[in-house]
Amino acid sequence: MQVTQFFWINTHVPSRQWQNSVNQVVQQAATEHQNFKVIDWYGYSKGHDDWFYEDQIHPNPEGAKYYATYIAKTILESINLKGE
């Protein structure tokens, strides 16, 4: 039986109090469900202020490339690991 995989991208919103609590809820869900994978945009983008517009929330054109590539790579790696 094939199990559906779910992917959730955590948040990078340093100007909002709820950033960490949202990321904790997402991570908790991943520990409770084997088919739930967190794409850790927060961790991957940390320290790369140059990837964001001045609001430090929305990726600029350079950051958007990293965002899209990281998401695709994470999903593809997960699918490939499941297929082995």
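Coordinates for the structure precede this section.
Described below are features of the structure shown in this document. (Residues numbered from 1 in each chain as written. Predicted model: local features only at pLDDT ≥ 70, side-chain atom pairs only at ≥ 80, totals over all residues. Heavy atoms only, no water.)

## Brief notes about the pairing of strand 1 (residues 6-9)
The side chains of a regular strand alternate, residue by residue, between the two faces of the sheet. Convention followed: Only strands joined by at least two bridges in the DSSP assignment are considered to pair. Going along the chain from the N terminus, every DSSP run of H or I of four or more residues is numbered as a helix, and every run of E of two or more is numbered as a strand. We call a crossover right-handed when, viewed with both strands directed away from the observer, the connection leading from the first strand over the helix to the second proceeds clockwise.
Taken together, the 4 bridges between strand 1 and strand 2 (residues 36-39) define a ladder with parallel strand orientation. Paired with I9 across the bridge in strand 2 is I39. Regarding topology, helix 1 (residues 19-32) serves as the crossover connection from strand 1 to the parallel strand 2, and that connection is right-handed.

## A word on the environment of H58
The criterion, for reference: The rule is simple: take the accessible area with a 1.4 Å probe, protein chains only, and divide by the maximum for that residue type; under 20% is buried, over 50% is exposed, in between is partly exposed.
Note that H58 resides in the loop between helix 2 (41-45) and helix 3 (61-83). Residue H58 is classed as partly exposed on the basis of its relative accessible area, which comes to 47%. Residues H58 and K46, 12 residues apart in the sequence, show an inter-C-alpha distance of 13 Å.

## Comments concerning the nonpolar core
In plain terms, the rule: Within this scheme, the nonpolar core is defined by two criteria: the residues are buried Ala, Val, Leu, Ile, Met, Phe, Trp, Tyr or Cys, and they are joined through side-chain atoms within 4.5 Å. Only heavy atoms matter for contacts: two residues are in contact if any of them lie within 4.5 Å across the pair.
Residues I39, W41, W51, F52, Y70 and I71 constitute the largest nonpolar core, which totals 6 residues. Sequence-distant contacts of I39, defined by excluding residues within four places in its chain, comprise F7, W8, I9, N10, Y70, I71, T74 and I75.

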